[in-house]
Each structure stands twice: as structure tokens, then as C-alpha cells.
Amino acid sequence: MITRNHNKLLTLLLLLIVNTLSAQEISVVDNTTLQPIPGAVIRNLSNDSVYYTDQTGKTSILGSATSISYQISSVGYMDRILTLEEITTNKGVIAMKESGFSIDEVVVSASKFEEKKKDVAQNIRVLNRNELERMNQSSTADVLNNQGNIFVQKSQLGGGSPIIRGFETNKVLLVIDGVRMNNAIYRTGHLQNVITLDNSILDRVEVVFGPGSVVYGSDALGGVMHFYTRNPLLSSTDKVLVKANAYSRYSSVANSFAEHADISVGRRKFGSLTSFTYTNFDDLRQGSNRNPFYGDFGARNFYAERINGVDSMIVNPDKNLQVGSGYSQYDILQKFTYQPNKHFRHLLNFQYSSSTDVPRYDRLVEMSGGKPKFAEWYYGPQNRALVSYNLTVSKAYVLFDHAKFITACQKIQESRMDRRFGNDNKNHRIEDVDVISVNMDLDKMVGDHEIRYGADLNYNMIASSAFSENIVTGVISDLNTRYPDGGATTLSSAVYVTHAWEISPRIILNDGVRFSNNTLQAKFSDKSFFPFPFDEVKQNSAAINGNIGFIFEPLKEWRLTTTFATAFRSPNVDDLGKVFESVPGSLVVPNPDLVPEYSYNFEVGISKTFNNNLHFAVTNYYTIVRNLITTDRATFNGADSILYDGQMSRILTSTNKGRAYIYGIEAVIKGNITNDLQVFSTVNYTYGRILTDSTDYPLDHIPPVFGRTGFSYIIKRFRTEFFAQYSGWKKLKDYNLVGEDNIAFATAEGMPAWYTLNARLGYQFSKYLSLQLACENILDANYRVFASNISAPGRNFIATLRFSL
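Every chain is numbered independently, its residues counted from 1 as its sequence is written. Two thresholds apply to this predicted model, a pLDDT of at least 70 for residue-level local features and 80 or more for giving and counting side-chain atom pairs, whereas whole-chain, interface and lining totals are computed over all residues. Excluded from the side-chain calculation are hydrogens and water; included are all heavy atoms of the structure.

(A) Broad picture of the overall build of the protein. Here a strand is any run of E in DSSP of at least two residues, a helix any run of H or I of at least four, and the numbering for each starts at the N terminus. In terms of regular secondary structure, the protein is built from seven helices and 56 strands. In this scheme, a residue with accessible area under 20% of its type's maximum is buried, one over 50% is exposed, and one in between is partly exposed, where area comes from a 1.4 Å probe on protein chains only. A buried classification covers 57% of the 805 residues belonging to the protein. Long-range pairs, those at least 24 residues apart, make up 66% of the contacts in the protein with a sequence separation of at least 6. Surface exposure here means Shrake-Rupley accessible area, sampled with a 1.4 Å probe, where a residue is shielded only by the protein chains that are shown. In the structure as shown, the protein presents an accessible area of about 33,400 Å², 59% of it carried by carbon and sulfur atoms. Taken as two groups, the 80 positive and 79 negative side-chain charges of the protein have centres that lie 5 Å from each other. The criterion used for residue contact is that any of the two residues' heavy atoms lie within 4.5 Å. In this count, Lys and Arg are taken as positive residues and Asp and Glu as negative ones, while His and the chain termini are left out. Charged groups are reduced to one reference atom each: NZ for lysine, CZ for arginine, CG for aspartic acid, CD for glutamic acid.

Below you can see the structure in the form of C-alpha cells.
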């Protein structure tokens, strides 16, 4: 009886205590965009109880006294401490101001699993969703160009080839949602594949600077650019969660417009995300304020047009309008996610990107005999399709605590069409690439040691075809293919393991090793165009590479890092089996004797954070490349020149060029000067040479010094930004004349230095509607980026109206 009465009293007491507590629903939102912040942490400072916001940015907290204080924090935002009374006064809405720097930023790309950026020895740059939207750029290439540490080359408006630490194209790795994009025909010349990624649906971009081959395999000599698209949102209640976004953008410099819409529909276990973007570009206008020392450098004085069946050279009435550069593109994404419980998640990912014909602007401005060399030169529709299945396991087993399994299929089609001025025969060359990949990544905590390991398989199938078409008679004739006409395949398989150990609160060790095996097979069936001394090319190469890095924090807010890493790139089909005209009068022919190239990178970094607000960092690196694959002069059947496409052309080939070295420095400062004012500045210097018996020769793809400096001012609902982008001189003596530096499209002294002044502002009318305005290249400067064959945009006014639900 006593026990029974005792239990009743306890029950009544507990009910009394609960009834004295009031449940307060709160909503955590971004101070500027008014959008919800999921995963925000609300900590009761009196009893240390913790609450987390859901996908709608909401949660309920318990409190009995209005004087109780709560700390509200979220990665990327400034912490706030508010009393319950202050929260209640503001109707439960807590506005968080974005920080210019976060010490707790989380990254995934370094090891494929979430970890704090400060625990990774490598230099990593993160662009989150808010930053991507503020950039307000029309392509992912322009996004990379605007972040301050990546140099981007363009041969046409529909292009963009990122350069990291002097490495470009097939020497840097592109990854989308855990699936590598680099395929067997990624070339040494400039690439435009990055524009097939729709930046409108990106959730974040992580750029890993320096070798990434231990985790990602071949090609990651200069770095890894990992793009993460948004995922469907699941509801935390029985109510269906619907989130939608849309925008309409106009840009004056190319008279372009873009339309985007996406919608996420989620229940507790199942979610769907659908996205569509369409972008249309007219011809690009270059700046009108030219350097008087270089006259009409870059002016578009003529263009070719076919009139009444005859090619005609037309005088361009507006020399700043780069006629023959416009194109359009659409991108589709569909994701389905199923999460039966907190331990397992299944994700289906469908992506498709397609463009219209993309004019090769640099070829359209070439002259021959006082007339245009080409009447037509364009890339056919750039088509990229991806289907992947992703299984994520978050449950401890004997062999792992977390696991990720990704299997993917990609289908890429590229084509090139060209026709000489006054010639009725149009050449068509088409490449189809099918890629199948499987990735398995696992991690396991063993005491103080975090072990991550995995395996991957990547299989490429390449079909290359070509024909010549008479546009008057319709007669089809044979044409030599760009790649082996008998088809080609590559197979890469690998296993890796990485390890992280917090030796002490001030010292962290990162290390890892990878073993890879790569095979290649290519067949040359038709030798009527070129009598190659071989019918088939086979290669089998293996590579072992590793890395080790230390993080040392000698004093509070000081951080020292040092890393040594190796990387490799196995020759692909483009290296071994390509026949194409590199530049007018130069023909690249196959070289079946290539071997893998390796890089050895050592770097040291130092950083200082002031009061958790302002961050300064400097990284110095030195890289040696052995068996460097580069283009050099060669012979074919004993001759150093050959008649190709009606012109005597010197013979070039891809070759292992002994050794090269690259060194450089990256410096960055960013953070909060006040709660409302943020600053940022980056500067990058790179120097690269090929070692020779006499004077070292310039390595191609090495950009001049470049950077970005500016500030932003943020108050409720309003954000403005002003910044300068700049590049130093690329002198003639620093050009590689047989590589891909495109000296023919520079001045007689090289590429002049340049800078632009730019301004952006955004205003949030409500949580549903916002307006973004920008003026880029305010001074309308006329300039050309190093190695680019099209002049940069002139003064550009941008207006974007955004809707969010």
C-alpha cells in the first residue's frame, strides 16, 4: 500500500513539473534569405539540454523561466545567445547571420566521409548553397572562375576549362555525387565538360587542392573538384513536406536568359526531387575599353555567312560583338530516396544535360589567304546522361561503422563538325563513350584510429566514327576518325586505405595508400588515311601511391600543416590513339609507347584565426612530375610534316617528357570585420618548367598570378558585395609554344594583365520572393584570359528574380 501511494505521489509530482514547463516552438532562419536552417543546435545553458531543428528549421524547446539563456549555433553562421523572453518576444523566430568563416566547416571530399575541415591536412575550398546562389552565375565554369583559387580558360562561350596549380583537363579530376566524370577521351587540350553540370541544383562544391589519387585514383594530379547536387528532403512528421524553388535570370552581355524550377516532395521514408534548367545565350559582347597599346586586339571584324549557296565574308558592324558564340542548354535532374530506418538510405540519381550546337569561336576567327579559314566549326550537342544507385549504411558492424556503395552508368556523346570557307564538304566526327563504375567506401573506428578503406572499378567503352558530307549534293564519303575506328576500352580497378589518428589534442596524422591497375586496348581497322605501323594498342600499367600529412596546433588559433603525396595518371585513349589538328598547321598522331605520369607533391601551410572571426592562411607547394605526358615534335614514317586537310602540317605526338616541376603559393584572408561587414581576398602564384639539359622550358597550362579581393555588407534581408578580380601578365617568354597555351590568340608580348570591378546586391522581399542585381566588369574593360581564344565579357548587368516555397 505504501509503495502504491509512493508511486502515485511521484506521478503527480512529475505531472506538476511538466505542467509548469511551457513548450515554445521556435524557427531558426537565415537573417538575409529568411530561409529555414535545418540542423541548427539550440542548447539550454542552464541544464545543457540540446534541441535540433528539422528540415523546416523548426523545433520545440521546454523552459519554465523566461530568463533562461539558450545558445543557438549552426555551421557557417555566427552563434547567438538569447533568453527565452527574447525568443518569445520575437514570436519564436531566431534569425542567424552568415559568418565569413567557420572553424567547424564539414567536408566530405577528402576521405568520402564527413569530417571537420580543420582535421584535414589538405587545403580544401568549400562553396555552399548560399554562396552558389549569391554568385548568380550562368554556368558551373563561371562559378569556379569566381571563387578566387581556380583559373578558368575558355575557347568559346560554351566552354570553361579549370586549372588547379598548373594542372588542367585530364590532370584534374571532376566528380559528381561520388561518380568520377573523367573518361578515357578527356584530353590534354582544353575541356568544356564542366558546363554540363547544372549549378542551379548544386548543394555544395568542394575543391581539394593537390594530389587526390589515394582516394580517387588516376587523373587527380592537381586536385579534385567534387560537386554535390541536392537530395530530396524527408518529412519529420506524418505531413508531406513540399519545398520548391524557381528563378528567372537575364544577363545583358550575351542577351541571355535562364529559367529554373525544382520541387522536393517528401514523406517520412520516401522523397522525390525534380529539377529543370534552361539557359539561352546570344553572341557574347566583349568590353569596349581597350588598352591603347594593343589597338583592336580581339575585335570581331568579320564573320562568315552562306548566302544563296555561296560562302561570303561579312563585315561585322559591331566589332565588340563576338558573332558565332551563342548557344543554349537544358539540364534535368531527378532523384528518388527511400529511407526505411535511420540506418539505411537508398538513392536513385538521374541526370541529363544537352545543348544545341556550340560554335568553336576560336576557329571561326582564323584567317587563311585573306579570307576566313572556316565557314563552319562547331561542337555538336554536348550530351551527358548519368544514372546511379547509392546505398548508405550508418550502422556499426564488425568490418565498418559506415558504408557507401555507388554503382553508376554514364553515356556521353561529343561531336565536331567543320567546313572550310568556300568548300562544300562538311566533316563530321562523333565520339560515344559509355562508362560503368562501382565504388565501395567504408570506415571504422578502432580506438583512437579512424580507418577508411574501399575499392572501385571503372570501365570505359569508346566508339569513334566520322564521315564527310557534301552540303549541296548530300553525297557522303569516308573520313578519318579522331580515335581508333575499331573501338577502344579501358578498365581501372583499385583498392585503398586511409587512416586518421588524433595523436594528441594538438597533433593529427592523416595517411593513406592505394594500389591501382589500368588496362587499355584500342584497334586501328582502317589504315587508308594513315598507314600506322600497328593494328592494335594494348597497355597494362599498375601504380602504387600514397600520402602522409600532419596537423599541428602549437597555440590557440594557430595551425600548421605539412603533407607529402604522390599521384598518377595512366595514359588514356586520347593520349595513345588520337589523330587531330591541334592548331593550324600541326597534326597530333598516336604514340603507343606512353607510360603513366607521376607527381610528387610537398606542401606546407600556416594559418591563424583571430577571435574565431578572421582567418588568414598561406600554403606553399612544390611538385615534381615524372614521365610528364606533353605534346612535342615527332616524325611519321620518317617525315616531320604531312599533308593533312589540304595543308602541310608538322607532326606532333603525346610523349613522356622526362621531368617537370611546379611550385607556387596560395594565400587567403576571409572573415568578419564586424557583425555586418565581411572581407575576402585570395592570391595565387604558380611557376612551372620542363627540365632539359640546358635551359628549362616553360610548362604549359601555368596561369599568371591571379586572385580576387572584396567585401560584403549584410543586414536583415539585404546583402551587397563589391569585389575585384585580377590577373597578372603572361609574358611571351613564359609560353609553351608547342603545348596548349595558344600564343596565336595573344598579343606579340603575351597576354596583358587585367582587372575587373564588380558589384552585387540582393534583397529578400519575403521568405518566398527575392531579387538579385549585379553589374560585372563595371569599367567595361576589354581583356582576354590567358590561353583563352575568346575575349572576356564586357560590362554585364544581371537581374534574377527568385521564388522559394
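(B) Geometry of the sheet that holds strand β14 (residues 173-176). Whether two strands pair comes down to DSSP finding at least two bridges between them. Spatially, the five strands line up as an open sheet ordered β10-β16-β17-β14-β15, and their pairing is mixed. Strand pairing shows two members of the sheet lacking a second neighbour, β10 (123-128) and β15 (179-180), which therefore form its edges. Pairing of β10 with strand β16 (residues 202-209) involves six bridges; the strand directions are antiparallel. Each residue of the ladder has a partner; that of Asn123, found in β16, is Phe209.

(C) Up close: the packing of aromatic side chains. Within 6.5 Å between ring centres, the rings of Phe, Tyr and Trp (the latter by its six-membered ring) count as paired, and their orientation is classed by plane angle as stacked under 30 degrees, edge-to-face over 60, tilted in between. This structure, assessed with the given rule, holds 19 aromatic pairs. Note on Trp377 and Tyr379: the rings are 5.5 Å apart at their centroids and 70 degrees apart in plane angle, and the pair reads as edge-to-face. On the accessibility criterion, Tyr379 (5% relative accessible area) is buried. Taking 6.3 Å as the distance between ring centres and 5 degrees as the angle between the ring planes, the aromatic pair formed by Tyr622 and Tyr661 counts as stacked. With Tyr622 in strand β43 (residues 614-626) and Tyr661 in strand β47 (residues 659-672), this residue pair connects regions lying 39 residues apart in the sequence. On the basis of relative accessibility, which here comes to 37%, the residue Tyr622 falls in the partly exposed class. Counting every residue linked through ring pairs, the aromatic cluster contains Phe151, Phe706, Tyr735 and Phe786. Charges are assigned to positions over rings by a cutoff of 6 Å between ring centre and Lys NZ or Arg CZ, combined with an angular limit of 35 degrees from the ring normal. Across the ring face of Phe302, the terminal group of Arg300 is positioned such that the distance to the ring centre comes to 5.5 Å. Looking at Lys404, its charged tip hangs above the ring of Phe113, at a distance of 5.1 Å from the centre.

(D) Looking closely at the pairing of strand β37 (residues 507-523). As judged from the 16 bridges shared by strand β36 (residues 488-504) and β37, these two strands associate in the antiparallel manner. Of the residues in β37, the one forming a bridge with Trp501 is Leu509. Adjacent in sequence and paired antiparallel, β36 and β37 are bridged by two residues. As judged from the 17 bridges shared by β37 and strand β38 (residues 536-552), these two strands associate in the antiparallel manner. Across the sheet, Gln521 pairs through a bridge with Lys538, a residue of β38.

(E) Quick look at the side chain of Thr169. Its place among the elements puts Thr169 in the loop between β13 (167-168) and β14. Classification of Thr169 by relative accessible area gives buried; the value is 5%. The definition of a polar contact used here is a pair of N or O atoms within 3.5 Å, where within protein one atom must be able to donate a hydrogen and the other to accept one, and adjacent residues in sequence count solely through side-chain atom pairs. A distance of 3.2 Å separates a polar side-chain atom of Thr169 from the backbone oxygen of Thr188. Apart from the residues within four sequence positions on either side, Thr169 is in contact with Ser161, Pro162, Asn182, Arg187, Thr188, Gly189, His190 and Leu191.

(F) Representation of the sheet that holds strand β3 (residues 50-52) within the structure. Pairing is antiparallel in the open sheet, where four strands are placed in the order β3-β2-β5-β6. Edge strands, defined here as strands with exactly one partner in the open sheet, are β3 and β6 (80-83). Adjacent strand axes in the sheet meet at a mean angle of 25 degrees when their direction is disregarded. As paired elements, strand β5 (residues 69-73) and β6 share four bridges and run antiparallel to each other. When the bridges of β6 are listed, Ile72 appears paired with Arg80. Think of each axis as a best-fit line through the C-alpha atoms, taken over the contacting stretch in the case of a helix, with angles from 0 to 180 degrees between the N-to-C directions.

(G) Spotlight on the pattern of salt bridges. Here, a salt bridge means any Lys or Arg side-chain nitrogen found within 4 Å of an Asp or Glu carboxyl oxygen. On inspection of all chains with the given rule, the structure shows 43 salt bridges. Across the salt bridge formed by Arg180 and Asp219, the nearest N and O atoms sit 2.9 Å from each other. Of this pair, Arg180 sits in strand β15 while Asp219 sits in the loop between α5 (213-216) and β17 (223-229), and the two are 39 residues apart along the sequence. For the pair shown, Arg180 and Asp219 are each scored as buried. In this structure, the salt-bridge partner of Lys426 is Glu376, at a minimum N-O distance of 3.1 Å. Of this pair, Lys426 sits in strand β33 (residues 425-446) while Glu376 is found in strand β30 (residues 374-379), placing the two residues 50 residues apart along the sequence. Its relative accessible area of 10% is what places Lys426 among the buried residues. Beyond isolated ion pairs, a larger network of salt bridges with shared partners links Arg306, Asp311, Glu376, Arg419, Asp424 and Lys426.

(H) Just the environment of Thr623, in detail. Checked against the element boundaries, Thr623 lands in strand β43. With relative accessibility at 3%, the residue Thr623 sits in the buried group. Ignoring sequence-local partners within four residues, the contact set of Thr623 consists of Phe167, Ser599, Tyr600, Asn601, Ala660, Tyr661 and Ile662. At 2.6 Å, the side chain of Thr623 forms a polar contact with the side chain of Asn601.

(I) View of the nonpolar core. Residue types Ala, Val, Leu, Ile, Met, Phe, Trp, Tyr and Cys, when buried and joined through side-chain atoms within 4.5 Å, form a set referred to as a nonpolar core. The biggest cluster of nonpolar side chains holds 52 residues, and the ones touching the most others in it are Leu144, Ile150, Val194, Val205, Met225 and Phe227. In terms of residue count, β16 provides more of this core than any other element does, four residues in total. For Val194, the contacting residues outside a window of four places in its chain are Thr140, Ala141, Leu144, Gly160, Pro162, Leu174 and Phe227. Judged by nonpolar contacts, the second largest core, of 25 residues, contains Val433, Val537, Ile629 and Ile651.

(J) Geometry of the side chain of Asn149. Within the secondary structure, Asn149 is located in the loop between α4 (140-145) and β11 (151-153). The exposure class assigned to Asn149 is buried, which follows from its relative accessible area of 11%. A polar atom in the side chain of Asn149 sits 3.0 Å from the side chain of Asn684. Contacts of Asn149, omitting those with residues within four sequence positions, involve Arg125, Phe209, Thr682, Asn684 and Phe706.

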